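Structural overview for review
Spelled out, the chains give:
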Amino acid sequence: MHDTTELLIELGAIILGLGILGRLAGRVGFSPIPLYLLAGLAFGHGGLLPLNASEEFVSTGAEIGVILLLLLLGLEYSASELVTNLKTQYPSGLVDFALNAVPGAVAALVLGWGPVAAVALAGVTWISSSGVIAKVLGDLGRLGNRETPVILGILVIEDLAMAVYLPLLTALLAGLSLAGGSLTLLISLGTVGAVLYLALRHGRLISRAVSSDNPEMLLLVVLGLTVLVAGVAQQLQVSAAVGAFLVGIALSGEVAEGAHHLLAPMRDLFAAVFFVFFGLNTVPADIPPVLVPALILAVITACTKVATGWYAARRAGVKTAGRWRTGGTLVARGEFSIVIAGLAVGVEPRIGPLATAYVLILVILGPLAARWTEPLARRGTPLVRRITRRPAPPAPAPAAPAPEPEPTDAATAHG
């Protein structure tokens, strides 16, 4: 009874605090995500007042938060739109990998951590946070923007790439043979392929089976199906977030609209818990020693993400303002980066604090970049034009008037 009482008090304080922080952020006019993270940092391990009784519950709630974020993101788009985006955006995915994975790999090699750690840190700097970006797009009211499908295309390519990357990284970290790593990779790819096939070919049947006129039944069936698929996907070495996203893709029509309406409040609650949990698991004392290299890496890869978004949006025919918004929105790193760093800590312990500091910087900077990159670029464009404008060539001097011809001897004689 005593443990339950302490749990209820801590949970009530957390949820009330999140509500106050959210209202404060709304009045100031920016995303509440940075405030959620700082609150978790203040009350986590090594913080001002550690929360012990609710830690396990908050951990589970954080996982549900990521699942709901990606489910509702998937509900915005159909399976055909997903396939079209993947076909058109794969060159942008390659550019994304080249611009953002290489800095992490180079940093690990410069620090002398070895090739396996380089593969791990490349993943940390490569993958944007689908959870943070999904929340930011909702907070800023950009789900219907012209550039949003481009952003989602990049995120989906990254999330699906994790189905290849994570099994390979796990095999490298465990020192598995080529056969063992290949088997894990085949299982994960087969899982993603099977879910995509069901979503494309039998999405209407799935929606019809899930559909219900009773909101309570619809809520229970959609939520249960999503959590089940996410759990099975994670068991098969595929991200739970990918599984939840694909469930959202498979649902369409009135079912998708009804599920979105019912699950949106739950998503907001558990997404806030996810960001708090991220801060709770960060030890503040571990950050100062690695702050400088993390900050340098964060600045470099924030710029490369902006460049990635600009390139991808330009390929899609988005106008200049949308290109800047795309790049700024992609800056945030989050859940995948922490998962990758957690896997690699056994090989290189120093990668944990560096990745934590790096992600914390960008998960705070990300929502700010999403909001302010385009306005700052718009204000800076006239200045850049003035600086880079070539001076006009000097006007040619006016030609001197031609002298009057002197009279000739013949003219004089005639006169």
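Residues numbered from 1 in each chain as written. Predicted model: local features only at pLDDT ≥ 70, side-chain atom pairs only at ≥ 80, totals over all residues. Heavy atoms only, no water.

Here's the deal with the pattern of salt bridges
Stated formally: Criterion for a salt bridge: a side-chain nitrogen of Lys or Arg within 4 Å of a carboxyl oxygen of Asp or Glu. For the purposes of this entry, the term helix denotes a DSSP run of H or I that reaches at least four residues, the term strand denotes a run of E that reaches at least two, and both are numbered from the N terminus. Each residue is placed in one exposure class: buried if its accessible area under a 1.4 Å probe, protein chains only, is under 20% of its type's maximum, exposed if it is over 50%, and partly exposed if it falls in between.
All told, the structure shown has 6 salt bridges when counted by the stated rule. K135 is the partner of D139 in a salt bridge, and the nearest nitrogen-oxygen pair spans 3.0 Å. A residue pair is termed a helical-turn pair when its members lie 3 or 4 positions apart in one helix, as D139 and K135 do in helix 6 (residues 130–139) at 4 residues. Residue classification places K135 among the buried positions, given a relative accessible area of 9%. The closest approach of N and O atoms between R267 and D268, which form a salt bridge, is 3.2 Å. Taking the relative accessible area as the measure of exposure, R267 reaches 18% and is therefore buried. Taking the relative accessible area as the measure of exposure, D268 reaches 37% and is therefore partly exposed. Through salt bridges with shared partners, a single network forms among D96, E158 and K305.

What about the confidence of the model for the protein chain?
Stated precisely, the cut-off is as follows: A score from 0 to 100, pLDDT tells how confident the predictor is in each residue. Any two residues whose heavy atoms approach within 4.5 Å at even a single point are treated as in contact.
Of all residues in the protein chain, 84% attain a pLDDT of 70 or more, and the chain-wide mean is 80. Helix 12 (residues 291–315) holds the highest mean pLDDT among the elements of the protein chain, 95, whereas helix 16 (residues 409–414) holds the lowest, 42. Contacts from residues 408–415, a stretch scored under 50 in pLDDT, to residues over four places away or in other chains number 1 contact.

Regarding the packing of aromatic side chains
The condition that has to hold: Each Phe, Tyr or Trp ring (for Trp, its six-membered ring) is paired with any other whose centre lies within 6.5 Å, and the angle between the two planes then decides the class: stacked below 30 degrees, edge-to-face above 60, tilted in between. A ring is scored as having a charge over it whenever the NZ atom of a lysine or the CZ atom of an arginine sits within 6 Å of its centre and within 35 degrees of its normal.
Counted under the stated rule, the structure contains 3 aromatic pairs. Centre to centre, the rings of W126 and Y165 are 6.2 Å apart; their planes meet at 90 degrees, and the pair counts as edge-to-face. Here W126, found in helix 5 (residues 115–126), pairs with Y165, found in helix 7 (residues 148–174); they are 39 residues apart in sequence, far enough to count as distant. We note that W126, like Y165, is buried. Each member of the aromatic cluster is reached from another via a ring pair, and the members are F97, W126 and Y165. Here the guanidinium or amino end of R323 rests over the ring plane of W310, the centre of that ring lying 5.1 Å away. Above the face of the W372 ring, R371 is positioned so that its terminal group lies 5.6 Å from the ring centre.

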